[in-house]
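# Summary of the model geometry
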Amino acid sequence: MEIKETAVAGTLESSDIQIMISKAADGIQIDLQSDVEKQFGDQIRSVITTTLNEMGVTAAKVKAVDKGALDCVIKARAIAAVQRASQTTDQPAWEVL
Amino acid sequence: MDNQIVDLYLKDAATKHDWQAFLESLGINNFAEREVDQIDFTIGIYQAGELVATGSVAGNVLKYIGVCNKGVTSGARFNTIVSELVNRMFAKGVYHLFVFTKLKYSESFQHIGFSELTHSDEAAFLETGSPDVHDFLADVPTVSDQAHKKVAGIVMNANPFTLGHRYLVEQAATENDLVYVFVVNTDLSLFSTAEREQLVRAGTSDLSNVIVVNGGDYMVSYATFPAYFLPSKDQAITYQTTLDARIFRDVIAPALHVTTRYLGTEPTSRTTSQYNQVLNQELPPRVAVKVVDRQVAALSDQPVITATEVRQFIKNGSLQDLKAYVPDTTAQFIQNHLVTLQTRIQKGMNIDGN
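If you look chain B up in an unreviewed UniProt entry, it shows as [Citrate [pro-3S]-lyase] ligase from Secundilactobacillus odoratitofui DSM 19909 = JCM 15043. Of the comments in the UniProt record for chain B, the one headed Function (unreviewed entry) reads "Acetylation of prosthetic group (2-(5''-phosphoribosyl)-3'-dephosphocoenzyme-A) of the gamma subunit of citrate lyase." Database annotation for chain B, UniProt heading Catalytic activity (unreviewed entry): "holo-[citrate lyase ACP] + acetate + ATP = acetyl-[citrate lyase ACP] + AMP + diphosphate".

In the nomenclature of an unreviewed UniProt entry, chain A is known as Citrate lyase acyl carrier protein of Secundilactobacillus odoratitofui DSM 19909 = JCM 15043. For chain A, the Function (unreviewed entry) comment in UniProt is given as "Covalent carrier of the coenzyme of citrate lyase."

The following block contains the structure:
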């Protein structure tokens with residue numbers, strides 16, 4: 001799936017994560033900000049990367065502001081952001097869920 | 001409606017009164033009409049009939065954010081308000097936002113994904129979203145081995161590009177290996193941003209070591225330095241120019257290895273001369289400031305070349321007088337587009353400012 005425009009999903013409220021995805025030349029770069037970065041930073045990054053890979057995204061710039069989201073929330077927000085950024089919201093990626 | 005986000009319509013006198021009283025109780029006191037008029041929308045949270053949190057957006061800048069934390073987890077309402085403002089802007093396709101705030105609140109914004117561009121003793125300036133300042137800098141053309149070259153920078157509105165601007169660029173070009181000319185991005189001048197940029201490019205195309213770049217949101221933009229475009233008090237000008245100067249010193253100059261900033265003397269514009277004064281205080285020693293005297297014009301009775309004068313000539317249609325003030329490229333453009341430019345002036349475009 002190709003990232004066509006910048007898009008965002010999620011909020012900055014407690015237990016949520018805000019994920020912004022924009023175009024990149026190649027590779028997935030994640031800029032993560034989280035209070036639990038030390039404890040769960042790698043886990044959060046891995047959930048985002050895995051979700052993007054499952055959706056076939058190979059190049060993207062991701063900016064994530066985490067407020068203590070659980071993995072299922074991170075995954076949901078990542079899927080929503082990718083679908084918006086690739087302009088495919090009319091074809092939900094059910095198989096990823 | 002308790003604890004729900006609602007839209008506040010400041011056109012309604014009672015709403016505005018409550019809103020202003022609430023912010024005043026938190027120490028925000030600037031409610032000048034031209035500030036409040038800039039607001040695009042305002043949201044708030046009420047509890048038991050009392051306003052307990054609010055925030056607004058003007059252009060791509062978050063403004064008038066105030067939150068009362070009584071009885072709730074500290075920061076929860078702040079996050080709710082900023083989240084809603086940011087999401088509404090994202091929904092509109094505006095992915096790059098700024099905030100000016102008191103220095104003590106900078107951390108609160110950094111906590112929710114903003115990054116600080118610079119701060120002064122009392123204020124901080126932050127951005128969030130994309131493209132950010134790193135994307136902006138990555139797009140600026142560079143030359144090989146730039147770190148060991150002598151690089152200078154000039155920021156100009158060039159409304160339009162005159163022989164005075166040309167003289168300034170020429171001076172810098174002879175004294176340096178590379179010169180960046182940053183053209184002010186904000187589109188609030190008689191000549192549009194694209195036209196100004198095009199005329200600077202055309203007027204400097206023979207100088208091989210000059211690179212013309214759009215200054216983006218980071219140099220004398222409507223976000224960082226609104227006083228350049230709106231008549232403002234001295235205090236506001238100093239406050240804004242300090243942040244503008246520090247962004248140049250701390251972010252722009254190091255990334256592009258700019259060691260000298262060139263300025264033209266400003267005998268006629270109060271705002272610009274104050275700006276120059278602040279640049280002189282803030283930039284050295286990290287970035288040297290070089291002031292170039294305005295070139296004496298060909299006409300004996302006109303001591304300085306100013307773009308303000310040029311705009312007067314356009315208004316009056318005196319194309320002959322104009323030729324002594326601008327390079328051929330600019331003169332040609334004005335001749336070809338005289339009617340369009342005059343129509344803009346008739347439609348109320350202010351030509352006496354910057």
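Further notes follow.
## Here's the deal with the overall build of chain A
If you tally the helices and strands in chain A, you get two helices and four strands. Start at the N end of chain A and walk to the C end: the helices and strands fall as β-β-β-α-β-α. Principal axes of the C-alpha set define a box for chain A whose edges measure 30 × 25 × 20 Å. Restricting to contacts in chain A with at least 6 residues of sequence separation, those with at least 24 account for 74%.

## Overview of the domain arrangement of chain B
It is common to give the size of an interface as the accessible area that goes away when the parts come together. Residues and elements named next belong to chain B. If you check the domain split of chain B, you get domain 1 (5–130) and domain 2 (143–346). If you average the C-alpha positions of domain 1 and of domain 2, the two centres end up 33 Å apart. The interface is formed by 16 residues belonging to domain 1 together with 16 residues belonging to domain 2. On the domain 1 side of the contact with domain 2, Arg34, Phe100 and Thr118 bury the most area, a combined 35% of that side's loss. Our enumeration of links across domain 1 and domain 2 arrives at zero salt bridges. Where domain 1 packs against domain 2, one counts three residue pairs in polar contact (both at pLDDT 80 or more). If you list the elements that add at least two residues to the side of domain 1 that touches domain 2, you get strand 5 (96–102), strand 6 (115–119) and strand 7 (123–129). Its residues placed into classes, the side of domain 1 that touches domain 2 shows six nonpolar, six polar and four charged.

## What to know about the interface of chain A and chain B
Across the boundary between the two partners, chain A contributes 16 residues, which contact 16 residues of chain B. For the pair chain A and chain B, the summed buried area comes to about 1,300 Å², and 48% of that belongs to carbon and sulfur atoms. Aspartate 135 of chain B is paired through a salt bridge with lysine 61 of chain A; the nearest N and O atoms lie 2.7 Å apart. The set of elements that each furnish at least two residues to the side of chain A that touches chain B consists of strand 1 (7–9), strand 2 (17–22) and strand 4 (59–66) of chain A. Residues of the side of chain A that touches chain B, tallied by class, amount to five nonpolar, six polar and five charged.

## Digging into the packing of helix 10 (residues 307–316) of chain B against helix 12 (residues 328–346) of chain B
Residue and element names in this part refer to chain B. For the pair helix 10 and helix 12, the least separation of the axes is 9 Å and the interaxial angle reads 90 degrees. When the axes of helix 10 and helix 12 are compared, the pair comes out roughly perpendicular. Contact residues: Val310, Arg311, Ile314, Lys315 and Asn316 in helix 10; Ile334, Leu338, Leu341, Gln342 and Ile345 in helix 12.

## Focus: helix 1 (residues 13–25) of chain B
Residue and element names in this part refer to chain B. In this model, helix 1 (13 residues) spans 18 Å end to end at C-alpha, consistent with the 18 Å of a helix rising 1.5 Å per residue. Those residues of helix 1 that fall on the buried side of the exposure criterion are Thr15, Trp19, Phe22 and Leu23. The buried residues of helix 1 occupy one face: seen down the axis, they fall within an arc of 95 degrees. Away from its buried face, by an angle of more than 90 degrees, helix 1 presents the exposed residues Ala13, His17 and Ser25.

## Concerning helix 2 (residues 71–85) of chain A
Residues and elements named next belong to chain A. Between its first and last C-alpha atoms helix 2 spans 21 Å; for 15 residues at 1.5 Å apiece the expected length is 21 Å, and the two agree. Buried residues of helix 2: Ile74, Ala78, Ile79, Ala81, Val82, Gln83 and Ala85, and no others. At its buried positions, helix 2 is contacted by strand 1, strand 2 and helix 1 (37–54). Of the residues one or two after helix 2, glutamine 87 is the one with positive phi, at around 55 degrees.

## Digging into the pattern of salt bridges
Residues and elements named next belong to chain B. Counted by the stated rule, this structure contains 16 salt bridges over all chains. Glutamate 35 is the partner of lysine 63 in a salt bridge, and the nearest nitrogen-oxygen pair spans 3.7 Å. Within this pair, whereas lysine 63 is found in strand 4 (residues 61–67), its partner glutamate 35 is found in helix 2 (residues 33–36), the two being separated by 28 residues in sequence. Taking the relative accessible area as the measure of exposure, lysine 63 reaches 22% and is therefore partly exposed. Its salt-bridge partner being arginine 166, residue glutamate 170 comes within 2.6 Å of it at the nearest N-O pair. Within this pair, glutamate 170 and its partner arginine 166 are both found in helix 6 (residues 163–175), separated by four residues, close to a single helical turn. Residue class for glutamate 170 comes out partly exposed when judged on its relative accessible area of 29%. Residue arginine 166 is classed as buried on the basis of its relative accessible area, which comes to 13%. Residues joined in a network through salt bridges with shared partners are Arg246, Arg249, Asp250, Glu282 and Arg286.

## Details of the packing of aromatic side chains
Geometrically, a pair of aromatic rings is defined through the distance of the ring centres and the angle of the planes. Residues and elements named next belong to chain B. Going through the model one piece at a time under the given rule, you end up with 14 aromatic pairs over all chains. Ring geometry for phenylalanine 191 against phenylalanine 333: centres 6.2 Å apart, planes inclined by 40 degrees, an arrangement best described as tilted. With phenylalanine 191 in the loop between strand 9 (178–183) and helix 7 (193–204) and phenylalanine 333 in helix 12, the pair connects residues that are 142 residues apart, well separated along the chain. Classification of phenylalanine 191 as buried rests on a relative accessible area of 0%. Among the aromatic side chains, those forming a connected cluster through ring pairs are Phe98, Phe100, Phe125, Phe136 and Tyr218. If you follow arginine 261 out to its NZ or CZ, it ends over the ring of phenylalanine 248, 4.5 Å from the centre.

## A look at the UniProt feature "modified residue: O-(phosphoribosyl dephospho-coenzyme A)serine" (unreviewed entry) in chain A
Residues and elements named next belong to chain A. The feature "modified residue: O-(phosphoribosyl dephospho-coenzyme A)serine" (unreviewed entry), as given by UniProt, occupies Ser14 in the numbering adopted here. Note on placement: serine 14 falls in the loop between strand 1 and strand 2. A relative accessible area of 63% means that serine 14 is categorised as exposed.

Calculation criteria
Residues numbered from 1 in each chain as written. Chains lettered and ligands numbered in written order. Predicted model: local features only at pLDDT ≥ 70, side-chain atom pairs only at ≥ 80, totals over all residues. Heavy atoms only, no water. UniProt positions renumbered as here; feature names shortened; annotations may be inferred. Helix = DSSP H or I, 4+ residues; strand = E, 2+ residues; numbered from the N terminus. Contact = heavy atoms within 4.5 Å. Domains from an automatic or database assignment. Buried area = accessible area lost by both parts, 1.4 Å probe. Salt bridge = Lys/Arg side-chain N within 4 Å of Asp/Glu carboxyl O. Polar contact = N/O pair within 3.5 Å; in protein donor to acceptor, adjacent residues only side chain to side chain. Nonpolar A, V, L, I, M, F, W, Y, C, P; charged D, E, K, R; others polar. Axes fitted to C-alpha atoms, helices over the stretch in contact; angles between N-to-C directions. Parallel < 35°, antiparallel > 145°, perpendicular 65-115°, else oblique. Expected span 1.5 Å × (residues − 1). Buried < 20%, exposed > 50% of the residue type's maximum accessible area, 1.4 Å probe, protein only. Arc of directions from axis to C-beta. Phe/Tyr/Trp six-rings, centres within 6.5 Å; stacked < 30°, edge-to-face > 60°. Lys NZ or Arg CZ within 6 Å of the ring centre and 35° of its normal.

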